[in-house]
Amino acid sequence: MYKCLNYEIVVVRNLAYDARCFHASPELWARRGGEPFGLKTPKKEKYIRREGRNQPPVEARYVPCNVKAPKSNSDKTVEIFEGMTLDELAKRTGKSVSSLQDILTNVGEKCESEFEPLSMDIVELAAMEVGVNVKRLHLAEGTEIIPRPPVVTVIGHVDHGKTSLLDALRQTSVAAREAGGITQHLGAFVVVMPSGAAITFLDTPGHAAFSAMRARGAAVTDIVVLVVAADDGVMPQTLEAMSHAKAAKVPIVVAINKCDKPGANPEKVKLQLASEGLLLEEMGGDVQAIEVSAIQKTGLDNLEEALLLQAEMMDLKAPIDGPAHAYVVEARLDKGRGPLITTIVKARTLTCGQHVVIGSEWGRIRAIKDTVGRLTERATPAMPVEIEGLRGLPMAGDDVIVVHSEERARMLSSGRTRKSEENRLRRKLNEDIPSTLESSEEVPQRVEMPVIVKADVQGTVQAVTDALRTLNSSQVLVNVVHVGVGPISQSDVDLAQACGACIVGFNIKTPPVALSQAATRANIKVILHRVIYHLLEDIGNLIIEKAPGTFETQVAGKAEVLNIFEVKGSKTKGPDVKIAGCRVVEGFVARTGTMRLLRTGEVVFEGLCASLKREKQDVDSVKKGNECGLVINDWYDFKIGDVIQCLEQVVRKPKFIKSESVVMRV
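What you see is a predicted model; the values in this text were computed from it and never measured.

**Student:** For this particular structure, what's the right way to read the pairing of strand β14 (residues 355–358)?
**Tutor:** Consecutive side chains along a regular strand alternate between the two faces of the sheet. Alternating positions in β14 separate into two faces, His355 and Val357 on one and Val356 and Ile358 on the other, with burial throughout. Alignment of β14 against strand β15 (residues 361–369), held across four bridges, turns out to be antiparallel. Opposite His355, over in β15, you have Arg364 as the bridge partner. What sits between β14 and β15 in their antiparallel hairpin is a turn of two residues, with Gly359 showing a positive phi close to 65 degrees. Two elements, β14 and strand β19 (residues 399–403), share four bridges in a ladder whose sense is antiparallel. Considered in β19, the bridge of Ile358 is made with Val400.

Here you go:
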């Protein structure tokens, strides 16, 4: 009885099992609504025949799906430093410690503990294997910290006297050796002042094409000298130089040059600088302004004092022991010595014989030369030197990393090369995906002009390449297929012949006669220049020649109807013809042109010319002041006083524009 009662209680609590209970009460069945228990038979539904099964599929417009590139760690950048542990790297990259240990084992490095400090190049190798970008943090720590000379970059507008000012400071003639008196590349040298203090100067180009060089110079500097001509005032490259200095967060010293000229107005320059947000000391700001003259050599002592005062306020110091941290200013290729890299040491000491990795290139320092060309064993902080021994040319702006062995240098170089290639392919993929999605829209076709660029140094190659790409127009696309440092070679001619390119050489030697003759036979255009103005002008004219142009309709001439003649037709001669006797009052009337009939200023008809005669002779055109007979197809209702315009199709070529800011565009 107890069990049966319990069973009923269970059934009441769980109604889902009441169909299995043989002792269920009638009340429970009443709650169920009298539904029969057991399996339910499905109801038969009426069969409905679907129509259109045998019909052909409907043609619909294809809509491509929005393809997105797979997300990866390539956009992620982690900061690494010397002595970083594996645990810290795992936290920053989001990977497990065990996976990072496996990577270190594969590259031949042992890591006993996850808290063991690692060298910076080992950390970079592991991070590159994971697939993230790295940013090296160089800590200013060392057993010996000494004061260092300031690194001063001279920037400003083109032809405002930057190189002449430095020429006056170091008593040498640099501007005279530059093509056209214009600086074409970035130079570094040390100036020893009469007071005994040394200052490292960087001279940057002022032309609009060398914006990247000015940015690199501002990034490595301690103080920026902004040169402004007193007779010219603030110009576009002056404003750009100010923005570079503000972006690098370095102090500015203004040098108002050419104060000896009759039209010099330094006060106007100061007001212009103040209006652009550069407050001078005279106006309550903290920017020093010195009036100088590079030709008369006046005001140079005041400029020296201002630079040394600014450097003393900054208290510039750097560690001298340990592997050096340097910065590539320029790179060029010498025929006998190979790749030569101009660097400025930021901290510590760069020693001859060390293995270095610069960008994706590596090598062993074979020789170090100072700015005068003398061999030296080491380079101390803020010292510009030229090193040789690398396997290839790095990019201007790369960091110089010292490693302890050749094997480590090889591994780091190959890893960086692989990483840069992956990033390049990924950027190419991201650029191609939107273009495929927009391929359904009609895009005007542009003519491609392939170009091969050769220059004397790596930084100039980049500047010339960027300047050529700014000349792209809606009709012509400048495609730089190859760049290189050094003179024009036979391989450049072969490549130009294969892709139909022209060769642009900037500040390089004239190719041999045999090579020039081979280029002439292959119908390859070789353009050699030493001044950027002339180079851009020649390339712009070449673009204009290659551009297909746009077809436009213009009025070639006007004729006034003086009389109307009617010629009766016959079975042999055809239907009746009405001839308009006209006098050409403007331009000329051509038989191949389209005629537009105007009556009281409104267009009445437009059609082709059927016949054009002068003195009963068929002619191709009639010039201004002459009379002629004119017949228009399908038009017979001429009236005296009508005006007939002759329309012609002309090809409009793009124009080469040179603005006041020396910026050239098509």
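**Student:** Quick question: what am I supposed to make of the sheet that holds strand β20 (residues 447–455) here?
**Tutor:** In a beta sheet, neighbouring strands pair by backbone hydrogen bonds and run either parallel or antiparallel. One open sheet holds the four strands; their spatial order is β21-β20-β22-β23, and the pairing between them is parallel. Strands at the two margins of the open sheet, each flanked by one partner only, are β21 (476–485) and β23 (526–529). Adjacent strand axes in the sheet meet at a mean angle of 25 degrees, parallel and antiparallel pairs treated alike. Strand direction decides the pairing type here: β20 and strand β22 (residues 502–506), joined by five bridges, are parallel. When the bridges of β22 are listed, Lys454 appears paired with Gly505.

**Student:** Please clarify how the packing of aromatic side chains should be interpreted in this entry.
**Tutor:** To describe a pair of aromatic rings, you give the distance between the ring centres and the angle between the ring planes. This model, assessed by the stated rule, comprises one aromatic pair. Taking the centre distance of 5.1 Å and the plane angle of 15 degrees together, the rings of Phe605 and Trp635 count as stacked. Of this pair, Phe605 sits in strand β27 (residues 602–614) while Trp635 sits in the loop between β30 (627–632) and β31 (643–652), and the two are 30 residues apart along the sequence. Overall, the relative accessible area of 16% leaves Trp635 in the buried class.

**Student:** Which parts of the structure should I look at to understand the side chain of Lys454?
**Tutor:** Relative to the elements of secondary structure, Lys454 occurs in strand β20. The class of Lys454 is buried, set by a relative accessible area of 5%. With sequence-adjacent residues up to four places away left out, Lys454 is seen in contact with Gly484, Val485, Gly486, Pro487, Ile488, Ser489, Asp492, Val504, Gly505, Phe506 and Ile508.

**Student:** Is there a simple way to think about the layout of surface pockets in this case?
**Tutor:** Unoccupied space between atoms shows up once a probe the size of one water molecule is rolled over them. Its volume calculated, the second largest pocket comes out at about 1000 Å³. Every residue lining the second largest pocket is counted, 23 residues in all, and those nearest its centre are Met395, Arg424, Arg427, Arg469 and Val483. If you list the elements that add at least two residues to the lining of the second largest pocket, you get α11 (406–437), α12 (458–469) and β21. Class assignment of the residues belonging to the lining of the second largest pocket gives a composition of seven nonpolar, seven polar and nine charged.

**Student:** Quick question: what am I supposed to make of the packing of helix α3 (residues 86–93) against helix α4 (residues 97–106) here?
**Tutor:** Two quantities define a packed helix pair, namely the angle between the helix axes and the distance between the axes. Two elements in contact, α3 and α4, have axes separated by 9 Å at closest approach and are oriented at 115 degrees. Regarding the angle of α3 to α4, the classification is roughly perpendicular. Taken as a pair, α3 and α4 cross one another with a handedness that is right-handed. For the pair α3 and α4, the contacting residues are Leu86, Asp87, Leu89, Ala90 and Thr93 in the first and Val97, Leu100, Gln101 and Leu104 in the second.

**Student:** Help me understand the environment of Ala241, please; the structure alone is not making it clear to me.
**Tutor:** The topology assignment puts Ala241 in helix α8 (residues 236–248). Classification of Ala241 by relative accessible area gives buried; the value is 1%. Measuring from C-alpha to C-alpha, the distance between Ala241 and Gly156 comes to 5.9 Å, with 85 residues separating the pair along the chain. Excluding residues that lie within four positions of it along the chain, Ala241 makes contacts with Ile155, Gly156 and Leu226.

**Student:** How should the nonpolar core be read in this particular structure?
**Tutor:** Inside soluble globular proteins, nonpolar side chains tend to come together where they are buried. Among the nonpolar cores identified, the biggest contains 42 residues, and Leu350, Leu468 and Ile539 are the most heavily contacted of them. A per-element tally of this core places helix α15 (residues 532–546) first, with six residues. Contact partners of Leu350, with chain neighbours within four places excluded, come to Ala324, Thr343, Val345, Val356, Ile365, Ile368, Glu377, Arg378, Ala379, Ile387 and Val402. Within the second largest apolar cluster, 29 residues are counted, among which are Met84, Val97, Leu118 and Ile401.

**Student:** In this structure, what is going on with α15? I would like to understand it.
**Tutor:** Residues separated by three or four positions in an α-helix point in the same direction, a consequence of the helix having 3.6 residues per turn. The end-to-end C-alpha distance of α15 is 21 Å, a good match for the 21 Å that 15 residues give at a rise of 1.5 Å each. Three or more residues of α15 are buried, namely Ile532, Tyr533, Leu535, Leu536, Ile539, Gly540, Leu542, Ile543 and Ile544.

**Student:** In this structure, what is going on with the pattern of salt bridges? I would like to understand it.
**Tutor:** Oppositely charged side chains may form a pair once their charged atoms are brought near each other. Across all of its chains, the model carries 22 salt bridges by this definition. Notably, a salt bridge pairs Glu124 with Arg416, separated by 2.7 Å at the nearest N-O pair. Of this pair, Glu124 sits in helix α5 (residues 120–130) while Arg416 sits in helix α11; the two residues are 292 residues apart in sequence, bridging distant segments of the chain. Like Glu124, the residue Arg416 is buried in the burial classification.

**Student:** Mind showing me how you'd approach the packing of α12 against α15 here?
**Tutor:** Orientation of α12 relative to α15, taken along the N-to-C sense of each, is 40 degrees, at an axis distance of 11 Å. As for the relative orientation of α12 and α15, their crossing is right-handed in sense. In this structure, α12 contributes Val464, Ala467 and Leu468 to the contact, and α15 contributes Ile532, Leu535, Leu536 and Ile539. Taken together, the residues that form the contact of α12 with α15 break down as seven nonpolar, no polar and no charged.

Scoring rules and cut-offs
Residues numbered from 1 in each chain as written. Predicted model: local features only at pLDDT ≥ 70, side-chain atom pairs only at ≥ 80, totals over all residues. Heavy atoms only, no water. Buried < 20%, exposed > 50% of the residue type's maximum accessible area, 1.4 Å probe, protein only. Helix = DSSP H or I, 4+ residues; strand = E, 2+ residues; numbered from the N terminus. Pairing = 2+ DSSP bridges. Axes fitted to C-alpha atoms, helices over the stretch in contact; angles between N-to-C directions. Phe/Tyr/Trp six-rings, centres within 6.5 Å; stacked < 30°, edge-to-face > 60°. Contact = heavy atoms within 4.5 Å. 1 Å grid on protein atoms, 1.4 Å probe; cavity = no way out; pocket = protein on both sides within 12 Å on 5 of 7 lines; lining within 4 Å. Points joined across faces, edges and corners; volume = space filled by probe spheres on them. Nonpolar A, V, L, I, M, F, W, Y, C, P; charged D, E, K, R; others polar. Parallel < 35°, antiparallel > 145°, perpendicular 65-115°, else oblique. Left-handed = near helix turned anticlockwise from the far one by under 90°. Core = buried A, V, L, I, M, F, W, Y, C linked by side-chain atoms within 4.5 Å. Expected span 1.5 Å × (residues − 1). Salt bridge = Lys/Arg side-chain N within 4 Å of Asp/Glu carboxyl O.

Read these as spatial facts, not as claims about activity.
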